Amino acid sequence: MTRTTTTRRTRTTTTPATPRTRPARSRRRREDGITTAEYAVGTAAGAGLAGLLYKMLSGGFGNQLLTTLFDHVLGLLGIG
């Protein structure tokens, strides 16, 4: 079965008839917002982690932790 189509120059061409299928783009359209939501969740998680680290390291605990870590590394290197 063939179908005849006419272009702007009124030239006729014969193409095989194919069943109408939805393009892949329209099937993916429903998932377009998922990527944006994933970025939003990742950004919120990163900001929360940064806030938690800032709060921990800016107090006395962070100062003690960094001093202990630095002394340990210097001891491993044989400097301290």
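**Focus: the overall build of the protein chain**
Of the regular secondary structure elements, the protein chain holds three helices and two strands. The secondary structure elements of the protein chain, listed N-terminal to C-terminal, are β-β-α-α-α. Here the protein chain holds 80 residues, and the buried ones make up 1% of them.

**Quick look at a nonpolar patch on the surface**
Together, Leu 49, Leu 52, Leu 53, Met 56, Leu 57, Phe 61, Leu 65, Leu 66, Leu 69, Val 73, Leu 77 and Ile 79 line one region of the surface with nonpolar side chains, adding up to about 1100 Å² of accessible area. Broken down by secondary-structure element, the contributors of at least two residues to the nonpolar patch are helix H2 (32-57) and helix H3 (60-77). Inspection of the secondary structure puts Phe 61 in helix H3.

**Notes on H3**
Between its first and last C-alpha atoms H3 spans 26 Å; for 18 residues at 1.5 Å apiece the expected length is 26 Å, and the two agree. Looking at the residues trailing H3, positive phi occurs at Gly 78, about 80 degrees.

**Remarks on the environment of Ser 58**
Locating Ser 58 in the fold gives a position in the loop between H2 and H3. Of the residues examined, Ser 58 reaches a relative accessible area of 47% and is grouped as partly exposed. In this structure the side chain of Ser 58 is engaged in a polar contact, spanning 2.8 Å, whose partner is the backbone oxygen of Tyr 54. There is a polar contact of 3.5 Å between the side chain of Ser 58 and the backbone oxygen of Lys 55.

Parameters at a glance
- Along every chain, residues carry numbers that run from 1 in the direction the sequence is written.
- Residue-level local features of this predicted model are given only where pLDDT is at least 70; pairs of side-chain atoms are given and counted only at 80 or more, and the full residue set underlies all totals for whole chains, interfaces and linings.
- Side-chain descriptors were evaluated using all non-hydrogen atoms of the structure, hydrogens and water having been removed beforehand.
- Numbered from the N terminus, helices here are DSSP runs of H or I no shorter than four residues, and strands are runs of E no shorter than two.
- Note on exposure labels: buried denotes an accessible area under 20% of the residue type's maximum, exposed denotes more than 50%, and partly exposed covers the range between, all computed with a 1.4 Å probe on protein chains only.
- Patch definition: residues above 30% relative accessible area lacking any salt bridge, with like charges linked at up to 9 Å and the nonpolar side chains Val, Leu, Ile, Met, Phe, Trp and Tyr linked at up to 5 Å.
- Per-residue and other accessible areas follow the Shrake-Rupley method at a 1.4 Å probe size, with only the shown protein chains counted as cover for residues.
- The rule for a salt bridge is simple: a side-chain nitrogen of Lys or Arg has to be within 4 Å of a carboxyl oxygen of Asp or Glu.
- To estimate the expected span of a helix, subtract one from its residue number and multiply by 1.5 Å.
- Pairs of N or O atoms within 3.5 Å make up the polar contacts considered here, provided that, within protein, one atom can donate a hydrogen while the other can accept it, and that residues adjacent in sequence are counted only when both atoms are side-chain atoms.

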